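# Geometric and topological summary
Take a look at the letters that make up each chain.
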Amino acid sequence: MAINAEREGSVLILRADGRIDGSNASDFLASVEKEFDNSDTGVILDFAGLTYISSAGLRIILLIAKDLRGRDVSFAVCSLSSSVAEIFTISGFDQIIDLHDNSAAALAAIG
Amino acid sequence: MAPYKILVVDDEPDLEPLILQRMRRAVRSGRYSFVFARNGLEALQKLREQDDIDMVLSDINMPQMDGLTLLEQIPKVDPNIRSVIISAYGDMKNIRTAMNRGAFDFVTKPLDFKDLRHTIERTLKHLIEWRAALASRDQLVTLQNELDVASKIQQSILPTQFPTTRRVDIYGAMEPARNVGGDFYDLIMLDQGKYGLAIADVSDKGVPASLFMMSSRTLLKGAAIGNPAPSEVLADVNNLLTEENDTAMFVTVIYATYSPESGRMTYSNGGHNPPIIVHTDGRTSLLDPIGGIALGVAPGFSFPNDTIELAPEETLILYTDGVTEAMNADHEEFGVERLLTIFSDNPPSSAKEATLAIFNAVREFAGPTPQSDDITCLSVFRKAVSSK
């Protein structure tokens, strides 16, 4: 799992690939939080390269969402593969996380 | 802190005053203290009498028991003592033997005291690190024992007695992964001969997850006993779990009520894998997941429910993703497709048979690949009851 960060205006776009599971979930959270800047108005997690996320990974998504909501920063997740999208749907996380097909759509929604 | 205690073993009587003289500063400052012995036997006796000796500095050639024999004996008294050997300059044969017998280092005669001090310090530094490693290993063992106890407590709350009557046939099992973790199932007696069935999977593993699992299970049982509607039970438990849930842990749950009499099963889903039904001809179908959210994520959600009727000799199976996400050596997942074909040639004739068949299929698929998640299964077989 590797993380790559870039900014589009005041929106932070983080790309993660590989797997997020119990073995690296807290590392994932730490590397995401390290990229946060107080001037960010939005954060997008681009999961185009993500092959798997376990419930431990979903928990980290929830922690990130709660943290950003508390600081009034918008948050979206985009570019889920069909198997990762299914995990979001089954767990009901699609009901509380703003999901988009690609980063352009996510940017248009929260930018 | 007490000084490091060094046992010096040499048959040469002049060495004792020499060492005390040359090391007087370290002795006065409380860094070292010395004990002396004249041969290996006397050294062993000192080691047995004084269990606070940290290291041994020993000559090789001595009467009664030489230094090389002593080296072999020291670990039997205390394997954590470190030894440094004093040898004649260039005596590689004895030095090699001493190193092979576990000496930590060697110094040569005539003694260079600057080098000796350096060697002693290096030996003690190694000893300190070694002891720290031993201490953390012991802590880890203690912690692991506590986790094993937690894991046993956790498993002991799962029902292992299942009702067997003319109509009722229910059987569940959980195979925990190494860590204390997150899965549970439950079977709750309700009014009018109905049963509450639950299967659940807590996000993540470890002690926090197991505590969350315990409270989820208690809340679910409490809510289920007072309320016949699965959708309301899940909504209640969700609101209770969401209160002050700073850890963002959550639990996915299927909760169902089942009437053995009519075969009717009403279920609600909190973000869990949809159950399956095995039909009498061996076909298996997935139930509608009906889309509720995992419990503990956010308050105020409602949970839809659905009702199905289990035909005689059909089997309902609730399971956790430990089944579908079990991996084999090629990093392939067991997957839903395999789950759906387990019974194609051999539909189960009891709930126990159904549950065990799934465990067997997963075990066979995974082979020697270690299990990374709890595997849990709860089955209901609808007995055909002849009307009299």
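Use the structure listed above.
A short tour of the structure in this document, coming up. (Residues numbered from 1 in each chain as written. Chains lettered and ligands numbered in written order. Predicted model: local features only at pLDDT ≥ 70, side-chain atom pairs only at ≥ 80, totals over all residues.)

## Some thoughts on the packing of helix α3 (residues 40–49) of chain B against helix α4 (residues 67–77) of chain B
All names here are of chain B.
- Where α3 contacts α4, the two axes come as close as 9 Å, and the packing angle between them is 15°. With respect to their mutual orientation, α3 and α4 come out roughly parallel. Here α3 runs over α4; the crossing is right-handed. Taking contact as the criterion, the partners of Gly40, Ala43, Leu44, Leu47 and Arg48 in α3 are, on α4, Gly67, Thr69, Leu70, Gln73, Ile74 and Val77. (Axes fitted to C-alpha atoms, helices over the stretch in contact; angles between N-to-C directions. Helix = DSSP H or I, 4+ residues; strand = E, 2+ residues; numbered from the N terminus. Parallel < 35°, antiparallel > 145°, perpendicular 65-115°, else oblique. Left-handed = near helix turned anticlockwise from the far one by under 90°. Contact = placed C-beta atoms within 7 Å.)

## Re the sheet that holds strand β5 (residues 105–109) of chain B
All names here are of chain B.
- Pairing is parallel across the open sheet formed by 5 strands, whose spatial order is β2-β1-β3-β4-β5. Where the open sheet ends on each side, the last strands, each with one partner, are β2 (32–37) and β5. Averaged over all pairs of adjacent strands, the angle between their axes in this sheet comes to 25°, without regard to strand direction.
- Sheet topology note: the strand β4 (residues 82–88)/β5 ladder contains 5 bridges and is parallel. In the strand pairing of β5, Val84 is matched with Asp105. (Pairing = 2+ DSSP bridges.)

## A short note on unusual backbone geometry
- Residue Lys109 of chain B is joined to Pro110 of chain B through a cis peptide bond whose omega torsion reads -5°.
- Backbone geometry places Ile290 of chain B, a non-glycine residue, at a positive phi of 50°.

## Notes on the sheet that holds strand β13 (residues 305–309) of chain B
Residues and elements named next belong to chain B.
- Sheet architecture is open: 5 strands sit in the order β7-β8-β9-β10-β13, paired in antiparallel fashion. Each end of this open sheet is capped by a strand with a single partner; those strands are β7 (183–189) and β13. Going across the sheet, the axis of each strand differs from the next one's by a mean of 15°, ignoring polarity.
- The sheet contact formed by strand β10 (residues 264–270) and β13 spans 5 bridges and is antiparallel. Looking at β13, one finds that Ser268 is bridged to Asn305.
- Helix α7 (residues 207–226) rests against β7, β8 (195–202) and β9 (251–258) of the sheet, and its axis sits at about 20° to β7.
- Helix α8 (residues 230–242) contacts β9, β10 and β13 of the sheet and is inclined by roughly 25° relative to β10.

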